[in-house]
Amino acid sequence: MVKLFKQEKTTVGAEADVTSSRGRTAAAQAPDMSGALISGVPVSAPLVLSIDAMGGDRGPAAVLDGIALARRKYPDLHFLVHGPEAELAPLVKARKLKSCVTIRHATGVVTMHDKPAAVMRGGKDTSMWSTIDAVRDGAAQVAVSCGNTGALMAVSMLRLRKIPGVNRPAIASFWPCKNPSGFNVMLDMGADVKAEARDLLTYALMGSSYARNALGLDRPRVGLLNVGTEEHKGHAELKTAAEMIGAMQEPGGYYFVGFVEGTDLPGSRVDVIVTDGFTGNIALKTGEGTAKFAGELMREAFTSSLLAKVGALLASGALKRLKAKIDPRRVNGGVFLGLNGTVVKSHGGADGTGVAAAIDLAARLAGLGFAERLAARVALASANGQDAASVEAGVENSK
């Protein structure tokens, strides 16, 4: 039986994602996103995940390796795996996954070079399209794909549609930091390069809901990314967004800490960082590049001389812990927020370990009924409904 980190009880359509009163200290016990997860409340209903086997750079073998790793931790999970049956069947058999995998035949493959518009027009026979349709039709709770991000978002929006109150969906990712959980949530990471003040408010609501459910935080701290923390800094749209996000912090169930800057990303000041997709994607790629560069410098330093190699040997335990902490595979999986269904985007170059981490996240969100919780929370920011939302939230928080 799949077990999940204890979280608030929610009646779909009646209560949003208000947590129990465990407070911020519970974040210290938040799940290790590497896949070691998850203890707590058992989930009686079987969880089914929809997996695109054909989207990654490493091919379907890496995806099936990830499923095999996840299967060891979650023996009751079932997977709908999408792609050419003749290619997938031997891989499933070799990994002894026939009991937990159902292959859904799809001949087409979306490549990293395909344009989203072209996939929307002619991608019905692809594994990506089939993967999203399984969630749309209710056959699976969450979709996972390593494929083309733009195409995946386009197909997801087309087939799942946006939830009421969302103008622009967002991609949310975990960012390593000094918080007790080891991570904060950042969005948008590149779903849309534009974001108006109203969109940034919606991102704050969706991001706080995600942090509340995925990291076990009672009331997440939300910050708006800017060129400085002073109130007078930033363009007019950001200042308007700050006012709107601040005004909604009580009904939204979060604390608004104001503007944050780049140095706060790995710090402990904030749990949710809100920004537009242009800035978020640049920050993400900069962080990845910097981490890779630092790793290469450390490798060079510890192999530069015999004495350095001896020092590396003596410090091997600490170095292994450091490597594990900054390993990007541990936090592999950006979540598309704002759709009628949950989609987890795995890194295109993910190996089996990375895919398993994305599946861990997908299983966790599926077990929590995250899509329903998110929709209830975003309803607070529905168009022209802030006053009504405040009343609704008061009723919700009193339950």
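Residues numbered from 1 in each chain as written. Predicted model: local features only at pLDDT ≥ 70, side-chain atom pairs only at ≥ 80, totals over all residues. Heavy atoms only, no water.

## Digging into the sheet that holds strand β7 (residues 170–176)
Backbone hydrogen bonds are what pair the strands of a sheet, in a parallel or an antiparallel way. Taken in spatial order, the eleven strands line up as β5-β4-β3-β6-β13-β12-β7-β8-β11-β9-β10 in an open sheet, and their pairing is mixed. The strands lining the two open edges of the sheet, one partner per strand, are β5 (101–105) and β10 (255–260). Across the sheet, the axes of successive neighbouring strands diverge by a mean angle of 25°, strand direction being ignored. Relative to strand β13 (residues 342–345), strand β12 (residues 334–337) runs antiparallel, the two being bridged by three bridges. By the bridge assignment for β13, V335 is matched with V344. On the sheet, helix α5 (residues 149–160) packs against β6 (142–145), β7, β12 and β13 and is oriented at approximately 175° with respect to β13. (Pairing = 2+ DSSP bridges. Helix = DSSP H or I, 4+ residues; strand = E, 2+ residues; numbered from the N terminus. Axes fitted to C-alpha atoms, helices over the stretch in contact; angles between N-to-C directions. Contact = heavy atoms within 4.5 Å.)

## Quick look at the nonpolar core
Taken as a class, soluble globular proteins show a tendency for nonpolar side chains to be buried jointly. Among the nonpolar cores identified, the biggest contains 72 residues, and L49, I67, F79, Y210 and L224 are the most heavily contacted of them. Ranked by residues supplied to this core, first place goes to helix α6 (residues 197–214) with ten residues. Each of domain 1 (44–161 + 339–368) and domain 2 (172–330) gives at least three residues to this core. When neighbours within four sequence positions are excluded, L224 is seen to be in contact with L200, L238, A241, A242, I245, F256, G258, F259, V260 and V274. Listed in part, the 29 residues of the second largest apolar core include V110, L265, V270 and V343. (Core = buried A, V, L, I, M, F, W, Y, C linked by side-chain atoms within 4.5 Å. Buried < 20%, exposed > 50% of the residue type's maximum accessible area, 1.4 Å probe, protein only. Domains from an automatic or database assignment.)

## Some thoughts on α5
Note: α-helices contain 3.6 residues per turn, so residues at a spacing of three or four share the same orientation. Between its first and last C-alpha atoms α5 spans 16 Å; for twelve residues at 1.5 Å apiece the expected length is 16 Å, and the two agree. For α5, the complete set of buried residues consists of A151, L152, M153, A154, V155, S156, R159 and L160. On the buried face of α5, the contacting elements are α3 (116–122), α4 (127–136), β6, β7, β12 and β13. Positive phi appears at R161, one or two residues downstream of α5, with a value of about 70°. (Expected span 1.5 Å × (residues − 1).)

## Brief notes about the pattern of salt bridges
A full pass over the atoms with the stated rule returns nine salt bridges. In this structure, the salt-bridge partner of D137 is R136, at a minimum N-O distance of 3.6 Å. For R219, the salt bridge identified is with E250, shortest N-O distance 2.9 Å. In this pair, R219 is assigned in the loop between α6 and β9 (221–225) and E250 in helix α8 (residues 249–252), connecting sequence segments 31 residues apart. A cluster of three or more residues bridged by salt bridges with shared partners is formed by R168, D192 and D199. (Salt bridge = Lys/Arg side-chain N within 4 Å of Asp/Glu carboxyl O.)

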